[in-house]
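The primary structure of each chain is shown beneath.
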Amino acid sequence: CEECGADSYSEDGADGCTSCPDGMVSPAGSASEDGCYYADCSAGDFMTTDQGCEECGENTYSGDAADSCISCPGDKIAPAGSSAEDQCYYAPCFAGDFMTSDGCEECGENTYSGDAADSCISCPGDKIAPAGSTTEDMCYHAPCSAGDYMTEAGCEECGSNSYSEDGAIGCESCPYDMVSPAGSVNADDCYYAPCPAGEYMTDAGCDACGENLYSAEGASSCTDCPTGKVSPSGSSSEDQCYYAACSAGDFMTENGCEECGENTYSEDDADTCTSCPGERISPAGSGSDDDCYYAPCSAGDYMTEAGCEECEANTYSEDGADSCTECGDYMASPAGSSDSDSCQLDLTFTPVVPELDCTENVAGCYVKWTIAPSGINAKYVKICLLADDTESDSWCEYEDSYLGGYSSGTYNYDNLASAQAACLGRDDCGGITQEPYSDDQYTLRVGPDVVASPSEETSWIICETGDEEDTCIAAVLNSDDEYSLNLGDDVEPEDSGLYVIVVTKGDKTATSDSVVVDVAEETITITAVDTEIYCKETIGDCSIGFTVVVGTTDGGLPASSVEICTLEENGETGECSTSVKEDNVYTLVFGDDVTDDVTGDYVAVVTVGDREETSTDEVDVSFLTKQEDCVCTTTWIDDRAAAVEEVALVFLE
């Protein structure tokens, strides 16, 4: 057996020795792995807990038997495995830095450096650079201030008539025709230089003065040549102004040319203006007599070769007319009428019967007019019953008041009723005025603006308006000039009123004076057959009888329309009984057993439609009691008389 050497071990019966794990040592003769251990590390290494010694990394160092590595001071560096601080050193500086005793520091502004520099180099000339610049290429000229511009040699001042702002690399020229001093900093420093004579300053610079104007140097506007004088454009003084020959439409005066006034004319080089011939006119500045013309005629006139003439009656014209327009058939207008509204129907209405009395339910009640001139087609004609609200009691009378408004002889009437009827037939009638100092002339006031004013006259206007409208029916043409309306066989009192005949052609209307129609109610005649009746006790056939005539009809009513009633002392009717009709006589029969209850006065009450009539005849009924002995005495007026004046019946006790 031999002893195991250092850094190895063996157990019992071993055939050889086993080396200690990497990095571990042991004394010679070690009997197990437990005898292995880590030995102290040499300088440049450090002891780990489980791996033994390891080499110190870059920028660190260690001495013998070190447990850890020490970092180099400051920014110094060292290779791996360094064994002492002396092996730490500063690394060469990067470009943009330079070496100091404390290590690398950044180059300041306006300097630069390359790699491993010990100092920084200043930028050449006026160039600048940011701190940490690494090459001369990073040096540059600083931006120029306003008024300068950049060149290869640095900033230089802008010349006159130009300007620059901060940082400019070139100068901007002032706008056209504008100037500025050297070193100008913006466009506001540019301005227009005073204009030369013959020009004037505008927002866009100098501009030449036009014809007939002049200016001195530095002018902001041009001056007119004296009146009548002219000058070429660009004139620089008044001396360049002169009088030129007048053109057509002007004439020469001491002050030069002046324009010819209206209704005159002149040709070239004229000293005076010539008046237009006749009534012709021309605008101011006319250059020949061809410019003279007749002015368009006003409404109501028309153009002729001799000028304007008035339109004749029954015609009209509007502004600028060459001829007058006829109003048309049945139309009339005054001379000088200016529009078609002046044309009105010119008709004469004559009532056949000015006041018509009719009777209810009697045929032959005709309202008639004649119209002149004849020939009006009946389709244009209607006859109207004026509504109740247009009767005379709807007019309000105003004393000391005059109505203004258009009127003419066409609208004059000799009585108020006719004037009112005519006014009601017009949409444009505002009222009626009794003409001054005339008791029989009433004039309609028509037009859009009828205004009352204080005066000595009396006027009437419609003071209330109802909801009813006129009732109009087409007229019937009986002959060439007579038009009528038949109120019919069943004419009624409601048909009474004011009737007018109305002719309408297009938008033109003519209305006649009114005709008063009065429809009277039918007469109802009630007559007692006997005014004294004597009813005798127990003697039959005691009755009261009345005949009834309605209009011309005798007994035409049914019995139910006639009642026979007692007459009370106060004149009122009492108990009534329906009559019995026998041979057109309406009777009340008391019967065979009549008693003294029948004594009294009786009247007949007749009902026709909504009418009720009571007879004026009263029938006196007396009751006679039956007696066995009586003496009758009669007194005769004349032996030959047919009538008995008095019959006295003396009844004995």
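Residues numbered from 1 in each chain as written. Predicted model: local features only at pLDDT ≥ 70, side-chain atom pairs only at ≥ 80, totals over all residues. Heavy atoms only, no water.

S.K.: Could you give an account of the overall build of the protein chain, with specific residues and numbers?
M.R.: Regarding its fold elements, the protein chain presents one helix and 66 strands. Taken against the 2.2 N^0.38 rule, which gives 26 Å for 653 residues, the C-alpha radius of gyration of the protein chain at 71 Å runs more than 25% over that of a compact globule. Expressed as lengths along the three principal axes of its C-alpha atoms, the size of the protein chain is roughly 220 × 125 × 45 Å. With 653 residues in all, the protein chain has 31% of them scored as buried. Here the contacts in the protein chain between residues at least 6 apart in sequence split such that 39% fall between residues at least 24 apart. Roughly 38200 Å² of accessible area belongs to the protein chain as shown, and the carbon and sulfur atoms make up 44% of that amount. Seen as two clouds, the 16 positive and the 141 negative side-chain charges of the protein chain have centres 27 Å apart. (Helix = DSSP H or I, 4+ residues; strand = E, 2+ residues; numbered from the N terminus. Rg over C-alpha atoms; globule rule 2.2 N^0.38 Å. Buried < 20%, exposed > 50% of the residue type's maximum accessible area, 1.4 Å probe, protein only. Contact = heavy atoms within 4.5 Å. Areas by Shrake-Rupley, 256 points an atom, 1.4 Å probe, with all protein chains shown as cover. Lys, Arg positive; Asp, Glu negative; His and termini not counted. Charge placed at Lys NZ, Arg CZ, Asp CG, Glu CD.)

S.K.: For a negative patch on the surface, give the residues involved together with the corresponding values.
M.R.: Taken together, the side chains of Glu267, Asp268, Asp269, Asp271, Asp289, Asp290 and Asp291 make up a negatively charged region of the molecular surface. Within the secondary structure, aspartate 271 sits in the loop between strand S31 (264-265) and strand S32 (274-275). (Patch = residues over 30% accessible without salt bridge, like charges linked within 9 Å, V, L, I, M, F, W, Y side chains within 5 Å. Salt bridge = Lys/Arg side-chain N within 4 Å of Asp/Glu carboxyl O.)

S.K.: Describe the packing of aromatic side chains, and please don't skip the residues or the numbers.
M.R.: Applying the stated criterion across every chain, the model contains two aromatic pairs. Look at phenylalanine 590 and tyrosine 602: their rings are 5.6 Å apart centre to centre, the planes differ by 65°, and that puts the pair in the edge-to-face class. Taken together, the positions of phenylalanine 590 in the loop between strand S61 (585-589) and strand S62 (600-608) and tyrosine 602 in strand S62 put the pair twelve residues apart, joining distant regions of the chain. The two residues phenylalanine 590 and tyrosine 602 agree in class, both being buried. (Phe/Tyr/Trp six-rings, centres within 6.5 Å; stacked < 30°, edge-to-face > 60°.)

S.K.: Which residues make up the side chain of serine 266, and what are the values?
M.R.: By secondary structure assignment, the location of serine 266 is in the loop between S31 and S32. Separated by 2.9 Å, the side chain of serine 266 and the backbone nitrogen of glycine 249 make a polar contact. Contact partners of serine 266, with chain neighbours within four places excluded, come to Ser247, Ala248, Gly249, Asp250, Cys260, Thr272, Cys273, Ser286, Gly287 and Ser288. (Polar contact = N/O pair within 3.5 Å; in protein donor to acceptor, adjacent residues only side chain to side chain.)

S.K.: Describe the nonpolar core, and please don't skip the residues or the numbers.
M.R.: Leu347, Ile371 and Tyr499 are the most contacted members of the largest nonpolar core, which has 31 residues in total. Among the elements of the structure, strand S40 (355-359), strand S41 (366-372), strand S42 (381-385), strand S50 (482-486), strand S51 (497-505) and strand S53 (515-520) are those that each provide at least two residues to this core. Isoleucine 371 has contacts with Leu347, Thr348, Phe349, Ile376, Val381, Asp481, Tyr483, Ile501 and Val503, leaving out every residue within four places of it along the chain. By size, the runner-up hydrophobic cluster in this structure holds 24 residues, among which are Ile524, Val548, Phe590 and Val606. (Core = buried A, V, L, I, M, F, W, Y, C linked by side-chain atoms within 4.5 Å.)

S.K.: An account of helix H1 (residues 416-424) is needed here, citing residue identities and associated values.
M.R.: H1 sits mainly inside the fold: seven of its nine residues count as buried. The set of residues buried in H1 consists of Ser418, Ala419, Gln420, Ala421, Ala422, Cys423 and Leu424. For H1, the N-terminal cap is asparagine 415; the gap from its side-chain oxygen to the backbone nitrogen of alanine 417 is 3.3 Å.

S.K.: Run through the sheet that holds strand S49 (residues 476-477), naming residues and quoting values.
M.R.: A sheet is described by the order of its strands in space; here four strands give the open sequence S39-S41-S50-S49, paired in antiparallel fashion. With one partner strand each, in any of the chains shown, strand S39 (348-351) and S49 form the two edges of the open sheet. Across four bridges, S39 lies against S41 in antiparallel orientation. Its bridge partner being in S41, threonine 348 is matched across the sheet by alanine 372. (Pairing = 2+ DSSP bridges.)

S.K.: Please give an account of the pairing of strand S12 (residues 103-106) that cites residues and values.
M.R.: Where strand S11 (residues 97-100) lies against S12, four bridges are found, and the strand directions are antiparallel. Residue phenylalanine 98 lies in a different strand from S12, and its bridge partner there is glutamate 105. Taking the residues between adjacent antiparallel strands as the criterion, S11 and S12 are bridged by two residues.

S.K.: How would you explain the confidence of the model for the protein chain if you had to name every residue and give the values?
M.R.: Overall, the predicted model of the protein chain reaches an average pLDDT of 83, with 90% of residues at or above 70. Confidence scores differ between elements of the protein chain, with strand S66 (residues 646-651) showing the lowest mean pLDDT of 41 and S31 the highest of 95. Segment residues 639-653 is flagged for pLDDT under 50; beyond a separation of four residues in sequence, or across chains, it makes 14 contacts in the model. (pLDDT = per-residue confidence, 0-100.)

S.K.: Lay out the environment of lysine 76 in plain terms, naming residues and giving numbers.
M.R.: Tracing the backbone through its elements, the reader meets lysine 76 in strand S9 (residues 76-77). Separated by 115 residues in sequence, lysine 76 and tyrosine 191 place their C-alpha atoms 67 Å apart.

S.K.: Break down the side chain of threonine 458 for me, citing the residues and quoting the values.
M.R.: Relative to the helices and strands, threonine 458 is located in strand S47 (residues 452-462). Non-local contacts of threonine 458, meaning those with residues more than four positions away in its chain, are made with Glu397, Tyr398, Glu399, Ser401, Ile432, Thr433 and Gln434.

S.K.: A description of the state of the cysteines should follow, citing residues and the corresponding values.
M.R.: Applying the stated criterion to the full structure yields 25 disulfides. Put simply, cysteine 225 and cysteine 241 are joined by a disulfide, and their sulfur atoms are 2.0 Å apart. Given an S-S torsion of about -70°, the disulfide between cysteine 225 and cysteine 241 has left-handed geometry. With a gap of 16 residues between them, cysteine 225 in the loop between strand S26 (223-224) and strand S27 (229-230) and cysteine 241 in the loop between S27 and strand S28 (242-243) connect regions that are remote in the sequence. Judged on exposure class, the residue cysteine 225 and its partner cysteine 241 are both buried. The disulfide that involves cysteine 260 links it to cysteine 273, with 1.9 Å between the sulfurs. (Disulfide = S-S within 2.5 Å.)

S.K.: Could you give me a rundown of the pairing of strand S46 (residues 442-446), with the residues and numbers involved?
M.R.: Along S46, five of the five residues are buried, which leaves the element largely enclosed by surrounding structure. Side-chain alternation along S46 places Tyr442, Leu444 and Val446 on one buried face and Thr443 and Arg445 on a second face that is also buried. Taken together, the two bridges between strand S44 (residues 412-413) and S46 define a ladder with antiparallel strand orientation. Looking at the pairing, tyrosine 413 lines up with tyrosine 442 of S46. Sheet analysis places strand S45 (residues 429-434) next to S46, joined by five bridges and oriented antiparallel. Bridge pairing in S46 places glutamine 434 opposite tyrosine 442.

S.K.: Got a sec to walk through unusual backbone geometry? Specific residues and values, please.
M.R.: Look at the link from alanine 372 to proline 373: it is a cis peptide, with omega at -5°. Tracing the chain through its elements places proline 373 in the loop between S41 and S42. Of note, alanine 65 is a non-glycine position whose phi angle comes to about 55°, a positive value.

S.K.: Help me get a handle on the environment of glutamate 309, residues and values and all.
M.R.: As for its position among the elements, glutamate 309 is in strand S34 (residues 307-310). Overall, glutamate 309 belongs to the partly exposed group, its relative accessible area being 38%.

S.K.: Which residues make up the pattern of salt bridges, and what values do they have?
M.R.: Scanning the entire structure with this criterion turns up two salt bridges. Put simply, aspartate 341 and lysine 508 hold a salt bridge, and the shortest N to O gap is 4.0 Å. Of this pair, aspartate 341 sits in the loop between strand S37 (331-332) and strand S38 (344-345) while lysine 508 sits in strand S52 (residues 508-511); the two residues are 167 residues apart in sequence, bridging distant segments of the chain. For lysine 508, a relative accessible area of 8% puts it in the buried group.

S.K.: Help me get a handle on the environment of aspartate 489, residues and values and all.
M.R.: One can find aspartate 489 in the loop between S50 and S51. By relative accessible area, which is 54% here, aspartate 489 ends up exposed. Distance from aspartate 489 to glycine 545, taken between C-alpha atoms, is 32 Å for residues 56 residues apart in sequence. Each residue touching aspartate 489, except ones within four places of it in the same chain, is listed here: Asn361, Val362 and Ala363.

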